[in-house]
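Residues per chain are reported as follows:
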Amino acid sequence: MLKKFIPVFLFFIVAVGAFTLSGNDRVEANQSIDEIDGEMQEVEKEKESINSDLGELENRLNRIKSQQNDTKEEIDGLNYEIEENEIEVEQKQLEISKTENEIRQLETEIKQLEAEIVELEEEIKELENEIERLENRIVELEEEIVITEDRIEQREDLLRERLRTLQKNGGSVKYLEVIVGSKDFGDFITRASAVSKVMDQDQNIIHEHFADMQYLEETKVEVEETKVEVEESKVAVENNKDQVAQNKTQVESNKVETEDKRSTLVTQKEDLETAIASLEGTREEEEVALASLEGDEEEVHEIQLSLEEEEELLSQREGVLEQAKQQAIEEERKRQEELERQRQAELEEQRQREQEERERREREEREANNSSNSGSSNSGNAGNSSNGGSSNSGNSGSSSNGGSSNSGGSEQASPAPAPAPPKFLTPSSGYISSHFNPNRMDPVYGVVRPHNGTDIAAPRGTSVKSSASGVVYRVTSNCSEGNKSCGGGFGNVVFVTHFVDGRQYDTVYAHLQSVNVAQGQSVSQGQQIGTIGSTGASSGPHLHFELHPGGYRNPVNPMGYISAP
């Protein structure tokens, strides 16, 4: 709506711009002020046109509220769908966890079975080695049995022959007759020794026979026991082989089941991804709907602000424009006074230079006259003192050169005028976190919205200064952080109007933590008007700074007018 004021202020901008550094500009400024008074009357006429637009704004407000109701119903439906999707995602996550646990259990069982198979196969090898050892032992024992039986049989033949001999001799051997029949003592000793050997040999044969008989029985028992042990080991081997076969079958079955579970797991994860994608899609739809709803709410807020405050804003702007006009006149008056003071100072300096120049010329003329009189008095001795005359002449030249040098030194350069202050100051220190961008993605609402200013990020409480001299025409100072809609999204905000080089500009300082000025207050360039905060639709502490040539609703990139902080 306020764009309609642009034509109203064009003559005013041109009129104020007519103020320049010359003295005749004062007359033009007074004429421009009369034109401004006429334009102020035109503002009243514009109010009537604006009132006719208020009805259209009310109709637009009703349409937007209807859209809000539809959007809220859509959001409720999306919320229900999101809940269903979340439950489905949780169920699928539980199914995946269960399948993963079953796979881990099967893999553990496979490892156990494979370890048991290895252990059984090692035991089978040990048993087979033991069977081989036992069978070799049986062969050895059986060979020993054969040998022992042969020896027993031979000894039995010997003993049977001995018994038959005894039977033939009456059943006893007359060892005494053998001894008594000795021819001499030596023969006696020989016969006694032979009898003793025969008797000892008979006893040894009997002892060996009984020992072989016992050994034979024990060996036969050991062979039978070894055979039993071999049979038991063979049975154990067969049992182990059967267990190994069963384990291998179970391992293969578990591996097949594991692969089936893994296939099921892949399918479940795909279903989960689909469910998550559906959930994310629904959430995005909800975010879009919420952004649309918030956008509608912001638009409703702006329309309500227009409906409720348009008249008040017009009235405030009228008062501010009058005040700004007086401020511009006062600043121009002070500027003209300063220019006049500088002009008078320059005139006084010029008079002083002219006076010094006159005094220098008079001094040089006196010196020239004195030099001429001195040359006439020495003319009779010119032939004898030509060198002296040359010396005087040379000195005269030196005097003249010295005069020129003095003349140059007396002409002091005019002091350079003080540099003009910048038209607009950078309003705060910090760094630029977001530039002017008509197509920026809003960081709060997540939708494309014009960013009509420059964001300067800095800690909370950092000073914010007026970019130029002007008058505050709107202030919001009751917003707290977290209330995104407060101040129309600006939060705590200060609007200032300026007249710079005869043209009107508006500046905006938004998301402030505190405000140090009041509506209608005149501010000078560089004066603190608040501190940086994060009120309104803000994602962190920063200053949102806007600059509008010709009045609010005409945003331009502020970096074309200020320097980077």
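Structural data are supplied above this passage.
What counts and what doesn't
Residues numbered from 1 in each chain as written. Predicted model: local features only at pLDDT ≥ 70, side-chain atom pairs only at ≥ 80, totals over all residues. Heavy atoms only, no water. Core = buried A, V, L, I, M, F, W, Y, C linked by side-chain atoms within 4.5 Å. Buried < 20%, exposed > 50% of the residue type's maximum accessible area, 1.4 Å probe, protein only. Helix = DSSP H or I, 4+ residues; strand = E, 2+ residues; numbered from the N terminus. Pairing = 2+ DSSP bridges. Salt bridge = Lys/Arg side-chain N within 4 Å of Asp/Glu carboxyl O. Disulfide = S-S within 2.5 Å. Phe/Tyr/Trp six-rings, centres within 6.5 Å; stacked < 30°, edge-to-face > 60°.

Draft legend 1. Local environment of the nonpolar core. By size, the foremost hydrophobic cluster in this structure holds 19 residues, and its most contacted members are Phe424, Val464, Val494, Tyr509, Ile529 and Leu543. Secondary-structure elements contributing two or more residues to this core are β5 (492-500), β6 (503-515), β8 (528-532) and β9 (542-549). Counting residues in each nonpolar core, the second largest holds 18 residues, with Ile117, Ile131, Leu141 and Val223 among its members.

Draft legend 2. Region of interest: the pairing of β9. Most of β9 is tucked away: 8 of the 8 residues are buried. Across the two faces of β9 the burial is the same, with His542, His544, Glu546 and His548 and Leu543, Phe545, Leu547 and Pro549 all buried. Here 4 bridges tie strand β2 (residues 454-457) to β9, and the two strands are oriented antiparallel to one another. Counterpart to alanine 457 in the pairing with β9 is histidine 542. Where β6 and β9 come together, 6 bridges link them in antiparallel fashion.

Draft legend 3. The pattern of salt bridges, seen in detail. The final tally for this structure, using the stated rule, is 25 salt bridges. A salt bridge links arginine 283 to glutamate 280; the nearest nitrogen and oxygen atoms lie 3.5 Å apart. Of this pair, arginine 283 and glutamate 280 both sit in helix α4 (residues 185-377), 3 residues apart, roughly one helical turn. Salt bridges linked by common partners bring Glu357, Arg360, Arg361 and Glu364 together as one network.

Draft legend 4. Spatial organisation of the state of the cysteines. Throughout the structure, instances matching the rule amount to 1 disulfide. The disulfide partner of cysteine 479 is cysteine 486, and the S-S distance across this bridge is 1.8 Å. Of note, the bridge from cysteine 479 to cysteine 486 carries an S-S torsion of about -80° and is left-handed in sense. The residues cysteine 479 and cysteine 486 share a single accessibility class, namely buried.

Draft legend 5. How the structure looks around the packing of aromatic side chains. Per the stated rule, a full pass over the model turns up 7 aromatic pairs. With centroids separated by 6.1 Å and ring planes inclined at 75°, the aromatic side chains of phenylalanine 490 and phenylalanine 495 adopt a geometry described as edge-to-face. Here phenylalanine 490 and phenylalanine 495 have matching classes, each one buried. Aromatic side chains tyrosine 505 and tyrosine 561 sit 6.1 Å apart centroid to centroid with 70° between the ring planes, which places their arrangement in the edge-to-face category. Of this pair, tyrosine 505 sits in strand β6 while tyrosine 561 sits in the segment after β9, placing them 56 residues apart in sequence. Given a relative accessible area of 10%, tyrosine 505 falls into the buried group. Residue tyrosine 561 is classed as partly exposed on the basis of its relative accessible area of 32%.

Draft legend 6. Summary view of unusual backbone geometry. Backbone geometry places histidine 511, a non-glycine residue, at a positive phi of 65°. Considering the arrangement of structural elements, one finds histidine 511 in strand β6. For histidine 511, a relative accessible area of 6% translates into the label buried.

Draft legend 7. View of the pairing of β2. The alternating pattern of β2 places Thr454 and Ile456 on one face and Asp455 and Ala457 on the opposite face, and all of these are buried. As paired strands, strand β1 (residues 431-434) and β2 are joined by 3 bridges and run antiparallel to one another. The residue bridging isoleucine 432 from the neighbouring strand is isoleucine 456, located in β2.

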